[in-house]
Amino acid sequence: MPLKVRRRLPFLSVFGLAGIVAAFSLLPLGFVIWVTVQTGWDTVIALVFRGRVGELLINTVLLEVWTIPLSIILAVSLAWLTERTDLPGARLWAWLAVAPLAVPAFVHSYAWISIAPSLHGLSGGVLVSVLAYFPFLYLPVAAQMRRVDPAMEDVGASLGLGPWRVFFRVLLPQLRFAICGGSLLIGLHLLAEYGLFVMIRFDTFATAIVDQFQSTFNGPAANMLAGVLVLCCAGLLGLEVLIRGNERYARVGSGSARPITKHRLGWFTLPCLLIPLITSALALGVPFVTLTRWLIAGGTAVWNLDAISTAFSTTLFLAVAGALLATVAVIPMAWLSVRAPGRVQRVLEACHYYVGSLPGVVVALALVTITVRVVLPLYQTAATLLLAYALLFLPRALVGLRASIAQAPVELERAAMALGRTPAQAVMQITMRLATPGAAASIALVALGITNELTATLMLAPNGTRTLATEFWALTSEIDYAAAAPYALMMVVLSLPLTLLLHAQSKRIVGR
């Protein structure tokens, strides 16, 4: 078979597999459209074009506009200090920059409102969001900094550029792919987050949708808000695609990149140390102090070991199973986004991403409606719950795996096919083996998300299913913060190994 024909074969089959996953991801959107049609256009217009929707839209835009740039500045600064300078204790600070992922976002809120009850509104939401989500940017940016060939910076310096101009004109453009991916992930989380903003008392589309569903279950007002939220996601996806571009990031050439020479901080060592120190104190110190305070206040009475162990084992099983399902599901799309960029690929990729911006309650209600009307035996089963997890966390799995595949040169696939490998063998034996660290990182990211997931679990889990997140939320809703503390601690304990794995795999991507 001619080589050109053989190169085309994987694209067709992979497009088919990605299309199947995209079709499943469209189920919640189909649900919203169906409800819209059932509601009637007059009612839709009255529900969408009103003051409350405008207020929520302004809140959401302000939240994104403040949180994402601040997260970029913080993550890039920490990545540069830990990867490119002689900062004392750089390896410790690098791990501490990832560790906040082990603390669920709503536990961050729980910690902050415990020590500062007056913290609320936009400022509180931005503060807690940055502290909870900046590691999603730090991980890919730090990994990319390890990968960038320092010879390019040497060329910039030889052309007369100073250190700051070299950073902004040479190094920073090489980080664009990682920054765009991490920023998109944070933006989608901000659109979908519920628990964090409820505790901070900041209204967003997600909190308003859940409030509407709690009062009217499946009322049209909540579904119309979900439709507006989908449009917000579409705008975010379009902006990310526009900024990302189609530049190449893999290095192919003779020899290998020389080791990175660390910049000497000199007199700036102490001021630079304050950046990771203050960040760690705010992102980790506050939750740790708060949990310790409530555990001491509750004493041994709050440790119901039977209930805690049951919730822990259930959470662990769901996290592992859901993470594997989501990561396997995004492999075709991750490969296409790097190897075959184009209009069809971007449409399929958008289908994978948009569902991650929806609140869990919208995805859950869509699956409830479908299972009740079409496949009743699947209603309130573990299979439906795992499908919801896979849909909700497709973006997490896709971002990590996509970045790893982007680092595998396509020339290696072509060489394998020229030596007699089939297209499928070339992809699986060459590209996917090189992308294994990224797949492991994606599994850890998704498992972290499932460990902390709340609303979809409440609605879809089989009767009697209890997870750490649902038990924690039930107790905090009763203002029993002391009894909730052990469940928060167990979520952190379960998430810490996943965070360590994520950090280790981000280094393995670049062979460190």
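Here, every reference points to the structure presented above.
Below, the structure is looked at part by part.

What counts and what doesn't
- Residues numbered from 1 in each chain as written.
- Predicted model: local features only at pLDDT ≥ 70, side-chain atom pairs only at ≥ 80, totals over all residues.
- Heavy atoms only, no water.
- Helix = DSSP H or I, 4+ residues; strand = E, 2+ residues; numbered from the N terminus.
- Buried < 20%, exposed > 50% of the residue type's maximum accessible area, 1.4 Å probe, protein only.
- Areas by Shrake-Rupley, 256 points an atom, 1.4 Å probe, with all protein chains shown as cover.
- Patch = residues over 30% accessible without salt bridge, like charges linked within 9 Å, V, L, I, M, F, W, Y side chains within 5 Å.
- Salt bridge = Lys/Arg side-chain N within 4 Å of Asp/Glu carboxyl O.
- Core = buried A, V, L, I, M, F, W, Y, C linked by side-chain atoms within 4.5 Å.
- Contact = heavy atoms within 4.5 Å.
- Phe/Tyr/Trp six-rings, centres within 6.5 Å; stacked < 30°, edge-to-face > 60°.
- Lys NZ or Arg CZ within 6 Å of the ring centre and 35° of its normal.
- Polar contact = N/O pair within 3.5 Å; in protein donor to acceptor, adjacent residues only side chain to side chain.
- Expected span 1.5 Å × (residues − 1).
- Bend = angle between axes of the 7 residues up to and from the residue.
- Axes fitted to C-alpha atoms, helices over the stretch in contact; angles between N-to-C directions.
- Parallel < 35°, antiparallel > 145°, perpendicular 65-115°, else oblique.
- Nonpolar A, V, L, I, M, F, W, Y, C, P; charged D, E, K, R; others polar.
- 1 Å grid on protein atoms, 1.4 Å probe; cavity = no way out; pocket = protein on both sides within 12 Å on 5 of 7 lines; lining within 4 Å.
- Points joined across faces, edges and corners; volume = space filled by probe spheres on them.

**Things to note about the overall build of the protein chain**
Line of reasoning, step 1. Regarding its fold elements, the protein chain presents 26 helices and 0 strands.
Line of reasoning, step 2. Residue burial in the protein chain is summarised as follows: out of 512 residues, 56% are buried.
Line of reasoning, step 3. Accessible surface computed for the protein chain: about 22,100 Å², of which carbon and sulfur atoms make up 69%.

**Regarding a nonpolar patch on the surface**
Line of reasoning, step 1. Together, Leu57, Ile58, Val61, Leu62, Val65, Trp66, Leu70 and Ile73 line one region of the surface with nonpolar side chains, adding up to about 720 Å² of accessible area.
Line of reasoning, step 2. In this fold, Val65 is placed in helix 4 (residues 51-84).

**Description of the pattern of salt bridges**
Line of reasoning, step 1. Inspection of the entire model under this criterion finds 3 salt bridges.
Line of reasoning, step 2. The partner of Arg52 in a salt bridge is Glu55, with the nearest N and O atoms 3.4 Å apart. Taken together, the residues span about one helical turn, with Arg52 and Glu55 both in helix 4 at a distance of 3 residues.
Line of reasoning, step 3. For Arg52, a relative accessible area of 30% corresponds to the partly exposed category.
Line of reasoning, step 4. On the basis of relative accessibility, which here comes to 38%, the residue Glu55 falls in the partly exposed class.
Line of reasoning, step 5. Salt-bridge contacts for Glu471 lead to Arg466; the nearest nitrogen and oxygen are separated by 4.0 Å.
Line of reasoning, step 6. Under the relative-accessibility criterion, Glu471 is labelled buried at 17%.
Line of reasoning, step 7. The exposure class assigned to Arg466 is partly exposed, which follows from its relative accessible area of 47%.
Line of reasoning, step 8. A single network of salt bridges, built from pairs that share partners, joins Arg52, Glu55 and Asp203.

**A look at the nonpolar core**
Line of reasoning, step 1. Counting 163 residues, the largest nonpolar core has Tyr110, Tyr138, Val141, Ile209 and Phe472 as the members making the most contacts within it.
Line of reasoning, step 2. In contact with Phe472, other than residues within four places in its own chain, are Phe106, Val107, Tyr110, Met199, Ala484, Tyr487, Ala488 and Met491.

**Focus on the packing of aromatic side chains**
Line of reasoning, step 1. One pass over the structure, following the stated rule, counts 8 aromatic pairs.
Line of reasoning, step 2. Their ring planes at 85° and their centres at 5.4 Å tell us that Tyr110 and Tyr481 sit as a pair that is edge-to-face. Taken as a pair, Tyr110 in helix 6 (residues 105-115) and Tyr481 in helix 26 (residues 481-508) lie far apart in primary sequence, 371 residues in all. Per residue, the accessibility class of Tyr110 equals that of Tyr481, and both read buried.
Line of reasoning, step 3. Members of the aromatic cluster, each reached through a chain of ring pairs, are Phe106, Tyr110, Tyr194, Trp294, Phe472, Trp473 and Tyr481.
Line of reasoning, step 4. Taking the ring centre of Trp294 as reference, the NZ or CZ of Arg293 above it sits at 4.9 Å.

**Side note on the side chain of Thr82**
Line of reasoning, step 1. Along the polypeptide, Thr82 turns up in helix 4.
Line of reasoning, step 2. We classify Thr82 as buried; its relative accessible area is 6%.
Line of reasoning, step 3. Reaching out from Thr82, the side chain makes a polar contact with the side chain of Tyr138 at a distance of 2.9 Å.
Line of reasoning, step 4. Contact partners of Thr82, with chain neighbours within four places excluded, come to Ala90, Trp93, Ala94, Tyr138 and Lys262.

**Brief notes about helix 15 (residues 269-298)**
Residue pairs three or four apart in sequence face the same way in an α-helix, which turns once every 3.6 residues.
Line of reasoning, step 1. Between its first and last C-alpha, helix 15 extends 42 Å over 30 residues, near the 44 Å set by a 1.5 Å rise per residue.
Line of reasoning, step 2. Roughly 40° is the biggest bend found in helix 15, and it falls at Gly285, with proline Pro287 one to four residues downstream.

**Description of the environment of Leu475**
Line of reasoning, step 1. With respect to the element layout, Leu475 can be found in helix 25 (residues 468-477).
Line of reasoning, step 2. Between the C-alpha atoms of Leu475 and Tyr487, which are 12 residues apart in sequence, the distance is 9.5 Å.
Line of reasoning, step 3. Beyond its immediate stretch of four places on either side in the chain, Leu475 contacts Asp480, Ala483, Ala484 and Tyr487.

**Thoughts on the packing of helix 2 (residues 27-39) against helix 18 (residues 360-373)**
Line of reasoning, step 1. Between helix 2 and helix 18, whose axes approach to 9 Å, the crossing angle comes to 80°. The orientation of helix 2 relative to helix 18 falls into the category roughly perpendicular. Between helix 2 and helix 18, the contacting residues are Leu27, Pro28, Phe31, Val32 and Trp34 on the first element and Val362, Val363, Leu365, Ala366, Leu367, Thr369, Ile370 and Arg373 on the second.
Line of reasoning, step 2. The residue inventory of the contact of helix 2 with helix 18, partitioned by class, reads 11 nonpolar, 1 polar and 1 charged.

**Overview of empty space enclosed by the protein**
Line of reasoning, step 1. Taken as a whole and assessed by the stated rule, the structure comprises 3 cavities of 30 Å³ or more.
Line of reasoning, step 2. Taken as a whole, the largest cavity holds about 500 Å³ of empty space.
Line of reasoning, step 3. Along its surface, the largest cavity is lined by 29 residues, and His189, Glu193, Phe393, Arg396 and Gly449 are the ones closest to its centre.
Line of reasoning, step 4. Elements with a minimum of two residues in the lining of the largest cavity: helix 6, helix 7 (121-133), helix 11 (176-192), helix 20 (394-406) and helix 23 (436-452).
Line of reasoning, step 5. Sorting elements by how many residues they give to the lining of the largest cavity places helix 11 first, with 4 residues.
Line of reasoning, step 6. A breakdown of the residues in the lining of the largest cavity according to their chemical character gives 19 nonpolar, 7 polar and 3 charged.

**A closer look at unusual backbone geometry**
Line of reasoning, step 1. You will see that Arg201, though not glycine, has its phi angle at about 60°, which is positive.
Line of reasoning, step 2. Turning to its location among the elements, Arg201 is positioned in the loop between helix 12 (195-200) and helix 13 (205-216).
Line of reasoning, step 3. Given a relative accessible area of 55%, Arg201 falls into the exposed group.
Line of reasoning, step 4. The backbone phi angle of Gln380 is positive, close to 55°, even though this residue is not glycine.
Line of reasoning, step 5. Assignment of secondary structure puts Gln380 in the loop between helix 18 and helix 19 (382-392).
Line of reasoning, step 6. For Gln380, a relative accessible area of 24% gives the class partly exposed.

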